[in-house]
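Residue-level structure breakdown
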Amino acid sequence: MIRVGSGFDVETRHLIEDGILLSDDAAVGEPIGREEELERLQACLAPMLRSQPPVNVWLWGPPGSGKTALARRAVEGMTSSTASRIGVYVNCWQHRSLYSVLQAIIDELKVLRAEAQDTNFKLERVRQVLRGRPLAIILDEIDRPMPKQRDEIIYGLLSLPKTGLICIAGSTQPLAVMDERVRSRLNPLIIELPPYSREELEAILADRANRALAPGSWSPSVIRQTAQSVHGDARMAIQTLRRAAAAAEVAGHDKVDKRLVSQILEPWHKILQEQRRANLTEDERAIVQMAAKHAPVGTTRLRQLYAAHCHNAGRQPVARRTFSKYVSRLEASGLLDMASRPMTPGGRLVRAVTA
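Residues numbered from 1 in each chain as written. Predicted model: local features only at pLDDT ≥ 70, side-chain atom pairs only at ≥ 80, totals over all residues. Heavy atoms only, no water.

**So, the side chain of Glu-284**
- In this fold, Glu-284 is placed in helix α12 (residues 282-294).
- Look at Glu-284: it is buried, it has no salt bridge, and the nearest opposite charge is Arg-329 at 4.8 Å.
- A polar side-chain atom of Glu-284 sits 2.9 Å from the main-chain amide nitrogen of Thr-281.
- Ignoring any residue separated from it by four or fewer positions in sequence, one finds Glu-284 in contact with Tyr-326 and Leu-330. (Helix = DSSP H or I, 4+ residues; strand = E, 2+ residues; numbered from the N terminus. Buried < 20%, exposed > 50% of the residue type's maximum accessible area, 1.4 Å probe, protein only. Lys, Arg positive; Asp, Glu negative; His and termini not counted. Salt bridge = Lys/Arg side-chain N within 4 Å of Asp/Glu carboxyl O. Polar contact = N/O pair within 3.5 Å; in protein donor to acceptor, adjacent residues only side chain to side chain. Contact = heavy atoms within 4.5 Å.)

Okay, structure coming up:
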């Protein structure tokens, strides 16, 4: 609330008390909805406590599924158990060559006398500084460099003794097209992060709101609305909450308004839906098409329609389990709308979302 007093005195109530806690990459509390994945990741890093190299990991999932925060949390947790630093972070969207990645690692480790403009020299300087100590390197956005550069980055870093890589990507496709020699050397444990459920997002947002916003400045209904509107994307949920709180401050409101949340999300929904449609696989696109053509349709009938479509197109349909997984992902991304309760015996009713 903004109140104007005598003269130029202005009293302002700030709704955002700690904006850092409303940044999507802030490490806040215990991870919600990612407990099992964190345990698996920590198990891959555990050999470092015995001065052994960590197990390589391919950590993948859609945007906003918590990949970067989870990797950072796992490495930071291991660092707190030892006196020396055992992890570094590199964003491969910014650093797309082995030379550039090594420079980022050198900067984080504060390696001296590594100014020579030579990749092999920089590798050797990092080896000298590590002196046989294990190191975990988080390679965020590893799917962004070109395939040849990506192979060079991974192969070059794995030449460092006792070094393990946590490769973060949006899918496993870059791993599938990797040079066989590089993929064999990497041989990662694959950990998938699915989109957050609505309940998980509500818990995440409520936790952030409790920590970052002024008491009484938000309501469970605002949290619920935001969680329902972002289709499992925690990054967008947190950014939306921050922007709505900032807009409420500017407008002089005491609370975050649900209308502000709607105004912030509305222009993005159509853009995101078009982007998701453009990124669908051939099978996912066929499922959405059948759902749109025959809606409402039970999941059992939808699979039959999809299989018939594949037969007419001369393609092999995916297995039943994979089909169910695709339908769940399409629902999470907002392209399919499914009834909360199953039909009998046709499964849950499905509709394609057209707007």
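**Let's talk about the environment of Leu-305**
- Its place among the elements puts Leu-305 in helix α13 (residues 299-312).
- Taking the C-alpha atoms as reference, Leu-305 lies 8.4 Å from Ile-287; in sequence the two are 18 residues apart.

**Some words on the pattern of salt bridges**
- Under the counting rule described, the total for this entry stands at 12 salt bridges.
- Between Arg-127 and Glu-124 there is a salt bridge; the shortest N-O distance is 3.2 Å. Remark: Glu-124 and Arg-127 occur in helix α4 (residues 119-130); sequence separation between them is 3 residues, near one turn of the helix.
- The exposure class assigned to Glu-124 is partly exposed, which follows from its relative accessible area of 35%.
- Several salt bridges converge on common partners, so that one network encompasses Glu-192, Lys-325 and Arg-329.

**Side note on helix α3 (residues 98-109)**
- The end-to-end C-alpha separation of α3 is 16 Å, in line with the 16 Å expected for 12 residues at 1.5 Å each.
- For α3, the complete set of buried residues consists of Leu-98, Ser-100, Val-101, Leu-102, Ala-104, Ile-105, Ile-106 and Leu-109.
- Elements in contact with the buried residues of α3: β4 (87-91), α4, β5 (135-140) and α5 (147-157).
- One or two positions beyond α3, positive phi appears at Lys-110, with a value near 55 degrees. (Expected span 1.5 Å × (residues − 1).)

**Considering the environment of Glu-37**
- Mapping Glu-37 onto the fold places it in helix α1 (residues 35-45).
- When the C-alpha atoms of Glu-37 and Ala-74 are compared, they prove to be 9.9 Å apart, with 37 residues separating the residues in sequence.

**Comments concerning the pairing of β4**
- The buried fraction of β4 is high, at 5 of 5 residues.
- With burial as the criterion, each face of β4 is covered, one bearing Gly-87, Tyr-89 and Asn-91 and the other bearing Val-88 and Val-90.
- Looking at chain direction, β4 and β5 are connected through 5 bridges and run parallel. Within the sheet, the bridge partner assigned to Val-90 lies in β5 and is Leu-139. (Pairing = 2+ DSSP bridges.)

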